[in-house]
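One letter stands for each residue in the lines below.
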Amino acid sequence: RLGWSVEHLNWILNNPTKTTDKVLEDAMIIREKYKYVIFCGMGGSGLSVQVVKSTFGDKKTKIYSLRTTSPDAIDEILKEIAGIEGSLEAALEKTLIIPISKSGTTKETVTHKDYFVKLYNEYNINIKEHMWVITDKGSPLVDTGDYVQREIQLNGKADIGGRFTSPTTNIFLMPLAIVAPEKVKILLEL
């Protein structure tokens, strides 16, 4: 369970085209296409996103860490982006949803994913264009739709536990690359 160790970090730094360059490319695609990104993850997955948001703030693309199933938390995010865009439908058109679950069976994350699938369907918006998933290979979360999938670990392994997702996984690096791409390599090299 020590995939975040110095050995793993060195592998990332020595393989930039497979790792940091790919994360930065994904983030650029997201920034060009979406104005809002809602990361749905519990425990370390949600906290990693919140650390990025709290530390680096929001830039052109605003990120959210949805780490509770409280309807009030979901409503607060949706009301905020709908208020900015003028309607919920307009907001959804500019939003990417990213459920995060190592196992792909985390009940809260699956509930969030299902909620957003239903919401997008209500507005006849193709959810497959508005949802990516971050999970391990073979996860049931991937089997639930034809979504863009990114593995949690940049090396394709599954030996990092949820609470250790920062700073060497897509769970931390993806939101960081979205709001502060210039910090990705700097943080890893520290």
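Going by the structure above, here's the rest.
Here the structure is a predicted model, which is why all the values come from computation and not from measurement.

Analysis parameters
Residues numbered from 1 in each chain as written. Predicted model: local features only at pLDDT ≥ 70, side-chain atom pairs only at ≥ 80, totals over all residues. Heavy atoms only, no water. Helix = DSSP H or I, 4+ residues; strand = E, 2+ residues; numbered from the N terminus. Polar contact = N/O pair within 3.5 Å; in protein donor to acceptor, adjacent residues only side chain to side chain. Buried < 20%, exposed > 50% of the residue type's maximum accessible area, 1.4 Å probe, protein only. Pairing = 2+ DSSP bridges. Right-handed = clockwise from strand over helix to strand, strands pointing away. Expected span 1.5 Å × (residues − 1). Arc of directions from axis to C-beta. Contact = heavy atoms within 4.5 Å. Salt bridge = Lys/Arg side-chain N within 4 Å of Asp/Glu carboxyl O. Axes fitted to C-alpha atoms, helices over the stretch in contact; angles between N-to-C directions. Parallel < 35°, antiparallel > 145°, perpendicular 65-115°, else oblique. Left-handed = near helix turned anticlockwise from the far one by under 90°. Phe/Tyr/Trp six-rings, centres within 6.5 Å; stacked < 30°, edge-to-face > 60°. Lys NZ or Arg CZ within 6 Å of the ring centre and 35° of its normal.

Visitor: I would appreciate a short explanation of the environment of Thr 105 in the present structure.
Guide: Take Thr 105: it is sitting in the loop between strand E3 (95-101) and helix H6 (107-122). Separated by 58 residues in sequence, Thr 105 and Leu 47 place their C-alpha atoms 18 Å apart. A polar contact of 2.8 Å, which involves the side chain of Thr 105, links it to the side chain of Ser 103.

Visitor: Teacher, can you tell me more about the pairing of strand E4 (residues 132-135) here?
Guide: Of the two faces of E4, the one lined by Trp 132 and Ile 134 and the one lined by Val 133 and Thr 135 are each fully buried. One ladder, built from 2 bridges, connects E3 with E4; its direction is parallel. Opposite Ser 101, over in E4, you have Thr 135 as the bridge partner. Viewed along the sheet, the connection from E3 through H6 into E4 turns out right-handed. Sheet topology note: the E4/strand E5 (residues 148-150) ladder contains 3 bridges and is parallel. Across the sheet, Ile 134 pairs through a bridge with Arg 150, a residue of E5.

Visitor: What should I look at first to understand helix H4 (residues 71-85) in this one?
Guide: The periodicity of an α-helix, 3.6 residues per turn, causes residues three or four positions apart to be oriented the same way. For H4, with 15 residues, the first-to-last C-alpha span of 21 Å sits near the 21 Å given by 1.5 Å per residue. Those residues of H4 lying buried are Ile 74, Ile 77, Leu 78, Ile 81, Ala 82 and Glu 85. Along the axis of H4, the buried positions cluster into a sector of 125 degrees, meaning they face one direction only. Among the exposed residues of H4, those pointing more than 90 degrees away from its buried face are Asp 72, Glu 76, Lys 79 and Gly 83. The inward-facing, buried residues of H4 contact strand E1 (36-40), strand E2 (62-66), helix H5 (88-93), E3 and H6.

Visitor: How do you make sense of the pattern of salt bridges when you look at a structure like this?
Guide: Side-chain pairing between opposite charges can occur once the charged atoms of the two side chains come close. A complete count under the given rule lists 10 salt bridges for this structure. For Glu 80, the salt bridge identified is with Lys 62, shortest N-O distance 3.2 Å. Of the two residues, Glu 80 sits in helix H4 while Lys 62 sits in strand E2, which places them 18 residues apart along the sequence. Since its relative accessible area comes to 21%, Lys 62 is described here as partly exposed.

Visitor: Whenever I open this one, the packing of helix H2 (residues 20-33) against helix H8 (residues 170-179) confuses me. Can you help?
Guide: A pair of packed helices can be characterised by two numbers: the angle between their axes and the separation between those axes. Two elements in contact, H2 and H8, have axes separated by 8 Å at closest approach and are oriented at 50 degrees. Looking at the two axes, H2 sits oblique to H8. Crossing angle aside, the handedness with which H2 passes H8 is right-handed. Of the residues in H8, those in contact with Val 23, Leu 24, Asp 26, Ala 27, Ile 30 and Arg 31 of H2 are Asn 170, Leu 173, Met 174, Ala 177 and Ile 178.

Visitor: Would you mind showing me how to read the packing of aromatic side chains here?
Guide: Here the distance between the centres and the angle between the planes together describe a pair of aromatic rings. Within the structure shown, the criterion is met by 1 aromatic pair. Ring centres of Tyr 115 and Phe 116 lie 5.2 Å apart, and the angle between their planes is 80 degrees; this geometry places the pair in the edge-to-face category. Looking at Tyr 115, the relative accessible area reads 32%, which means it is partly exposed. One Lys or Arg, Lys 53, reaches over the ring of Tyr 64 and ends 5.0 Å from the middle of that ring. Here Arg 150 stacks its cationic end above the ring of Trp 132, 5.3 Å away from the centre of that ring.

Visitor: So what exactly am I meant to see when it comes to the side chain of Lys 53 here?
Guide: With respect to the element layout, Lys 53 can be found in helix H3 (residues 44-56). Classification of Lys 53 as buried rests on a relative accessible area of 18%. The contact partners of Lys 53, leaving out residues within four places of it in the chain, are Asp 58, Lys 62 and Ile 63.

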